[in-house]
Every structure is written in structure tokens, then in C-alpha cells.
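A closer look at the structure
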Amino acid sequence: MKTHTRKKSLMIALLVLAAAAFLQVPALADEMTDQQSEDYGVDGVESAVPDEAREILGDMDVSSADADSGFQKILSYAKGKISEILTGALRSAVVMITVVMLCALAGTVYPDGLPDFIPLCGTMAIAVAVMGDVGSLINMGRETLDTLSTYSKVLLPSLATAAAASGAVTAASAKYSATALFMDVLITIANSVIMPAIYAYLAVITANSALRGNALASAAKLVKWVCTTMMTVLTLAFTAYLSITGAISGSADAAATRLAKTALSSALPVVGSIVSDAASTVVAGASILRNSIGVFGMLAILCVCLIPFLTLGVRFLIYKAAAAVAGTLGDDRFGGLISGFGDAFGMVMALVGAGGLMMFFSIISSIKAVSGG
Amino acid sequence: MELITKVAIIGIVGALIALLLKKSNPEMALLLALSIGMIVVSMMAGLISGIMRIVDMIESQAGLSHAAVLPVIKCVGIGIVTKFASQLCKDAGEGSVASAVEMAGAASALYIALPLIETLLEMIGGLL
């Protein structure tokens, strides 16, 4: 009888313990996620968000990061800014067209073509009027790249840690180091080669428009080709490198994760499968966190690139339209000069785009990293 | 419309008189052409002031720098005056004088454009 009572008490105690353990699961899960957030440096990712991104995203953080609401915020911010950007671009276009029209006035007394000094003066006036604008926008592109690089130094390690915890140990480190390396290379090339080349391009197209004939047109084409080719090659090399390392290291990670699970389950019967399931829970938590960091990071990068991209894109289009108008109003050289300025904006936009794309590719490939689940 | 009608009438009548005078007194024909040219230009002064008013408006609204647009206006003015003067010289049969006038016009325009070139070089230097 006594033994029976003892067994009954033991059973009740076990049931109470099991119930207590069951009730504690959500609390433990929350604690685990908080601990994981702390371990992966989520606070750093949130606090390092650039000011321009914080202005758009408001109080959004990693835990509340949602692509749909983020895109909505970005879209509404862009709608609010577009008229301001358009006005600035149109002002520049009006300035250029005014100079072209003034020069075209002289064309009424020179039916066989303007004397060289008038297009020369007009070209210089257009260049002086818009060069400050062009310089400030090129600087904006440079600053955007710097901002992306600075933020990537906080975002990518955090993303890599979360990706590593979710099973993609080799892939995460390979992708992080590839992105860090290529971003550094891009910024070094941008500062030491592409930006000076864009300034040289501006000088060459101005000189080419000021002089009769297309003596310097080939030089301008060469400078443009060098800039665009460098950016294209760098982006392609990064994408290829990321794809290859992702494919190789992703398979290795998946195999390693499966192997570890099998080894645990077979080496420790019963307890092994429990440990394996617990590890899967941790991995799932890390995956969720990795995705949240990735979505938040992508939104932040989109916000950083938004205004430079809009400004440069609108300028590019308006300058091209102004070049077409100038070509019909006056001397061809004016059209060539204005179109050349538009191309310079296009090159800066491509540079910012290359930086943004690298970050996007890196984040997307980290999110899609094979976790071996 | 009224202005251009007046200009057209003065121009045609002046040209006919100059044509009649050219055979007997070419100097007088040249002076007449010069006078008619001056009259026509003075009649167009009102239109030029209208254009300048619009340029001023664009300057203030679009942020067009006065330092950038003034040399252009001067260059265009130099171009028109040079063309008018050189054509008169050619009509008088003085091709070499016409060439000298054109060269002087080009030199003046370049001199006017020098501050622009200087500013542009300074800007490019500042950017680099």
C-alpha cells in the first residue's frame, strides 16, 4: 500500500513538473529570441541605421520589420519628395535652355551657322551654371556609397552571425567576407578612379563642345566606357563569386547539419533526438531572426539609396530631354554638352546602384542560405 | 505685327532707294543702308528689352547666375553687331576691312568669355 502511494506521489510530481515545463516553453522561447537578438548584434543594426533611412522607416525595428509596410513608407516618402526633386532638375534645364535660346538669337543673323565664339561662350555659361549642381550630386553619390559601406560593416556581421547560427556557417562567412571585400574594392575604385574619371569626362565634354568638330569625342567615349566597364565587371565578378561560394559552401553546410543531426540521434538514443529537436528549434529561431535582420537591412539600404537614385535618375532624364530640345533650338554642340552632363549623372547613378546591388545580393543570398533543414 | 510691318516697309523702301543711288552715288547708298540699319535696330530695342526682362525673370526664378548669363548676352550682341558691320564693309567692297571687323568681334567675344573660362577652371579644380 505504501509503495503504491509512493508511486502515485511520484507520478503526480512528474506530471506537475511536465506541466510546469510545458508552461515555461513560450517564456523560454521569448528569452531565447532575446538572447539570440543580443548575441547577433540586432541592437547595433537598429542603432546604426543611417539618418535618412530612420527618417523614412520611423520607429520600425528588426522585430517589427515588414517588407510590405516598409515599401509603403518608402513609396509615400518618395511621393512627397518627387516634386522637390523634379523642380530642382527643371530649374537646371530652364537655365540651360535659356542660354541656348540666347545663343540661338544670334543664329538669326548667321544663317550659315554661328561663329565659333558664340557656342564657346554659351558652352562655358552652361558649364558654369550647372557644374556646381553636378559636383554636389557627384558628392551625394560618393556620400551614399560611404554610408552603405559604413552600414554594411554593422549589418553584414549581424546577418552572417544569424545565418551561421541557422546552419550556414561556411556560406555566411564566405558571403560576408566577399561582400566586405567587394564593397571595399568598389569604394576604393570609386574614389580613386571612377569619380576622378567622371570629372575628367565633364571637362572633356565641355572642351569638346567648346571646340569645333568632335576632336575630343573619342576621349569622352573612352572615359565613359572605362567607368561603365569597371562598374559592370566589378558587379558581375561579385555576383559570380557570391553564386559560386554560395553553391559550394551552401551544400557543405547542408551536409554538415544533416550529419550532425544524424550523429546526435544515433549516438544518444532518446536524449539524442531531444537534443537534435532542441537544436532545430534554436536553428529555426536564428532563421527567423536572420530573415528579420535581412528584411530590415534591405529596407534601410533601399531608404539610403532612394533619394540619390531619384535625384540622379530624374536629372538624367530631364537633362536628356533638355539636350533634345537644345539640339533643335541651336547648335548641336549644346545638345552634346547637356547630354554629356546627363551621362555623368547616369554614371554616378550606376555607381550608387552597384553599391546598393552588392548589398542586396549579399542580403538576399544570406537570407536564402541553405540551413540544412 | 505693327512693328514688323513698319520695319518691313522701311527696309524695302530703303533698299529700293539704295539700289537707285548705288549706280550714281555708291557712298550715299552705303550711308543710306547704314542709316536704315540703325533705324531698324533702334526700333527693335523695345523687343530686346522684353527679352532681357524675361531673362531677368528666369535669373530670379530658376537661379540662373547673372555672372554666367551676362557674357552670353554680350557675346550675342557682339556677334550681331559684328555681322552687321562686316556686311556693310563687304557691301562697300572692303573685304579686308570686313575680315578685320570679324576678327575684332571674335577677339572681343573671347575677352568677354574669359571670366567664364576662368570660373569654370576654378570650379573643376575645386571639384577635383
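Source: prediction; values computed, not measured.

Thresholds, definitions, all that
- Position labels on residues start from 1 in each chain and follow its written sequence.
- Ligands are numbered from 1 and chains lettered from A, in the order in which they are written.
- Owing to the predicted nature of the model, reporting of local features is limited to residues with pLDDT of at least 70; listing and counting of side-chain atom pairs is limited to 80 or more, with chain, interface and lining totals taken over all residues.
- Remark: hydrogens and water are excluded; side-chain values derive from all non-hydrogen atoms of the structure.
- Note on conventions: DSSP H or I runs of at least 4 residues are helices, E runs of at least 2 residues are strands, and numbering of each starts at the N terminus.
- Burial classes follow relative accessibility: with a 1.4 Å probe on protein chains only, a residue under 20% of its type's maximum area counts as buried, one over 50% as exposed, and anything between as partly exposed.
- Contacts are assigned to residue pairs with any non-hydrogen atoms lying within 4.5 Å of each other.
- Residue exposure ignores everything except the shown protein chains as possible cover, and the areas themselves are Shrake-Rupley values with a 1.4 Å probe.
- Our radius of gyration looks at C-alpha atoms and nothing else; its globule reference is 2.2 Å times the residue count to the power 0.38.
- For the purpose of counting charges, residues Lys and Arg are taken to be positive, whereas Asp and Glu are taken to be negative. His and the chain ends are not included.
- Positions of charges follow a simple convention, taking NZ of Lys, CZ of Arg, CG of Asp or CD of Glu.
- The working definition used for a salt bridge is a side-chain nitrogen of Lys or Arg within 4 Å of a carboxyl oxygen of Asp or Glu.
- What counts as an axis is a line fitted to C-alpha atoms, over the stretch in contact for a helix, and the angles between N-to-C directions run from 0 to 180 degrees.
- Roughly parallel means an angle under 35 degrees; roughly antiparallel, over 145; roughly perpendicular, 65 to 115; everything else is oblique.
- We call a crossing left-handed when the near helix sits turned anticlockwise from the far one by less than a right angle, and right-handed when that turn is clockwise.
- Side-chain classes follow a simple rule in which Ala, Val, Leu, Ile, Met, Phe, Trp, Tyr, Cys and Pro form the nonpolar group, Asp, Glu, Lys and Arg form the charged group, and the remainder, Gly included, forms the polar group.
- Summary of the metric used: pLDDT quantifies the predictor's per-residue confidence within the range 0 to 100.
- Nine residue types can take part in a nonpolar core, namely buried Ala, Val, Leu, Ile, Met, Phe, Trp, Tyr and Cys, and a core is a set of them joined through side-chain atoms within 4.5 Å.
- In this analysis, the expected span of each helix is defined as 1.5 Å times one less than the number of residues it contains.
- One axis fitted to the seven residues ending at a residue, another fitted to the seven starting there: the angle between these axes is the bend at that residue.
- Here a polar contact means two N or O atoms within 3.5 Å. Within protein one must be a hydrogen donor candidate and the other an acceptor candidate, and residues neighboring in sequence count only if both atoms are side-chain atoms.
- Grid points spaced at 1 Å and placed over the protein atoms alone form the basis of the search, with a cavity being a set where a 1.4 Å probe fits but cannot get out and a pocket an open set showing protein on both sides within 12 Å along at least five of seven lines. Lining residues have an atom within 4 Å of a point.
- Grid points are joined across faces, edges and corners, and a volume is the space filled by probe spheres set on the points.
- Side-chain rings of Phe, Tyr and Trp (the six-membered ring for Trp) are treated as a pair once their centres are within 6.5 Å; stacked means planes under 30 degrees apart, edge-to-face means over 60, and tilted covers the remaining angles.

Quick look at the overall build of chain A now. Tallying secondary structure elements over chain A gives nine helices and zero strands in all. Listing every helix and strand of chain A by position from the N terminus yields α-α-α-α-α-α-α-α-α. Taken over 373 residues, chain A has a buried fraction of 46%. Restricting the contact set of chain A to residue pairs at least 6 apart, pairs at least 24 apart contribute 84%. Total accessible area on chain A is roughly 17200 Å²; 69% of this is exposed by carbon and sulfur atoms.

A few words now on the overall build of chain B. Along chain B, the regular secondary structure elements total four helices and zero strands. Along chain B, helices and strands appear, N-terminal first, in the series α-α-α-α. Computed over its C-alpha atoms, the radius of gyration of chain B comes to 19 Å, more than 25% above the 14 Å expected for a compact globule of 128 residues. For the C-alpha atoms alone, the extent of chain B along its principal axes is close to 65 × 40 × 10 Å. Across the 128 residues in chain B, those meeting the buried criterion constitute 26%. Taking the intrachain contacts of chain B between residues at least 6 apart in sequence as the baseline, contacts between residues at least 24 apart amount to 52%. When the 7 basic and 9 acidic side-chain charges of chain B are each reduced to a single mean position, those positions are 11 Å apart.

Residue and element names in this part refer to chain A. One pass over the structure, following the stated rule, counts eight salt bridges over all chains. The residue Asp133 makes a salt bridge to Arg315 at a minimum N-O spacing of 2.3 Å. Pair noted here: Asp133 is in helix α5 (residues 117-165) and Arg315 is in helix α8 (residues 271-329), with a separation of 182 residues, a long-range link. Across the pair, Arg315 and Asp133 agree in class, each one buried. Linking Lys153 and Asp184 is a salt bridge whose minimum nitrogen-to-oxygen distance equals 3.8 Å. Of this pair, Lys153 sits in helix α5 while Asp184 sits in helix α6 (residues 169-210), and the two are 31 residues apart along the sequence. Taken together, the shared-partner salt bridges in this structure form one network comprising Lys224, Lys320 and Asp343.

Here we come to the packing of helix α4 (residues 67-106) of chain A against helix α2 (residues 26-62) of chain B. Axis separation between α4 of chain A and α2 of chain B bottoms out at 10 Å; the angle between their running directions is 160°. Between α4 of chain A and α2 of chain B, the interaxial angle falls into the category roughly antiparallel. Crossing hand, α4 of chain A versus α2 of chain B: left-handed. In this structure, α4 of chain A contributes Arg91, Val94, Val95, Thr98, Leu102 and Leu105 of chain A to the contact, and α2 of chain B contributes Ile51, Val55, Ile58, Gln61 and Ala62 of chain B. Here the contact of α4 of chain A with α2 of chain B is built from residues that sort into eight nonpolar, two polar and one charged.

Next up on the list: the confidence of the model for chain A. All names here are of chain A. Of the residues in chain A, 74% have a pLDDT of 70 or more, and the chain-wide mean is 78. Here helix α1 (residues 2-39) stands out as the element of chain A with the lowest mean pLDDT, 55, in contrast to α4, whose mean of 87 is the highest. Scored below 50 in pLDDT, residues 20-29 makes zero contacts in the model with residues more than four places away or belonging to other chains.

Take the nonpolar core next. The biggest cluster of nonpolar side chains holds 116 residues, and the ones touching the most others in it are Ile126, Leu202, Phe296, Ile301, Ile338 and Phe341 of chain A. If you tally residues by element for this core, the top one is α5 of chain A, at 21 residues.

Helical geometry: 3.6 residues make up each α-helical turn, so side chains three or four residues apart lie on a common side. Given a rise of 1.5 Å per residue, 40 residues ought to cover 58 Å, and the 57 Å separating the end C-alpha atoms of α4 of chain A matches this to within 8%. Taken as a whole, α4 of chain A carries its principal kink of about 35° at Lys81 of chain A.

Moving on: the side chain of Asp133 of chain A. All names here are of chain A. A polar contact of 2.3 Å, which involves the side chain of Asp133, links it to the side chain of Arg315. Within the local environment of Asp133, its side chain forms a polar contact with the side chain of Tyr319, the two groups lying 3.5 Å apart. For Asp133, the residues in contact, after removing those within four places along its chain, are Ser92, Arg315 and Tyr319.

What follows concerns the packing of helix α3 (residues 66-91) of chain B against helix α4 (residues 95-127) of chain B. Residues and elements named next belong to chain B. At a closest axis distance of 8 Å, the pairing of α3 and α4 adopts a crossing angle of 175°. With respect to α4, the axis of α3 lies roughly antiparallel. Contacts between α3 and α4 pair Ala67, Ala68, Pro71, Lys74, Cys75, Ile78, Thr82, Ala85, Ser86, Cys89 and Lys90 from the former with Val97, Ala98, Val101, Glu102, Gly105, Ser108, Ala109, Ile112 and Leu116 from the latter.

Attention shifts here to the layout of surface pockets. If a probe the size of a water molecule is rolled over the atoms, the empty space left behind becomes visible. A volume near 950 Å³ is recorded for the largest pocket. As for the largest pocket, its lining consists of 29 residues, of which Val109 of chain A together with Val41, Ile48, Ile80 and Phe84 of chain B are closest to the centre. The leading source of residues in the lining of the largest pocket is α2 of chain B, at 11 residues. For the lining of the largest pocket, the per-class residue count stands at 21 nonpolar, six polar and two charged. As a volume, the second largest pocket reaches approximately 310 Å³. Elements with a minimum of two residues in the lining of the second largest pocket: α6, α7 (217-267) and α9 (332-367) of chain A. Ranked by residue count, the leading element in the lining of the second largest pocket is α9 of chain A, at seven residues.

Our next topic: the side chain of Thr144 of chain A. Position of Thr144 of chain A relative to the elements: it lies in helix α5. Other than its neighbours up to four places away in sequence, Thr144 of chain A contacts Val304, Cys305, Pro308 and Val352 of chain A.

A few words now on the confidence of the model for chain B. In this model, chain B carries an average pLDDT of 85, and 99% of its residues clear a pLDDT of 70 or more. Taken over the whole predicted complex, pTM reads 0.75, whereas the ipTM for its chain interfaces reads 0.75.

What follows deals with the packing of aromatic side chains. Residues and elements named next belong to chain A. Under the counting rule described, the total for this entry stands at three aromatic pairs over all chains. Between Tyr319 and Phe345, the ring centres sit 4.9 Å apart and the planes meet at 90°, which makes this aromatic pair edge-to-face. Of this pair, Tyr319 sits in helix α8 while Phe345 sits in helix α9, and the two are 26 residues apart along the sequence. Accessibility classification places Tyr319 together with Phe345 in one group, the buried group. Among the aromatic residues, ring-to-ring pairing joins Phe182, Phe238 and Tyr241 into one connected group.

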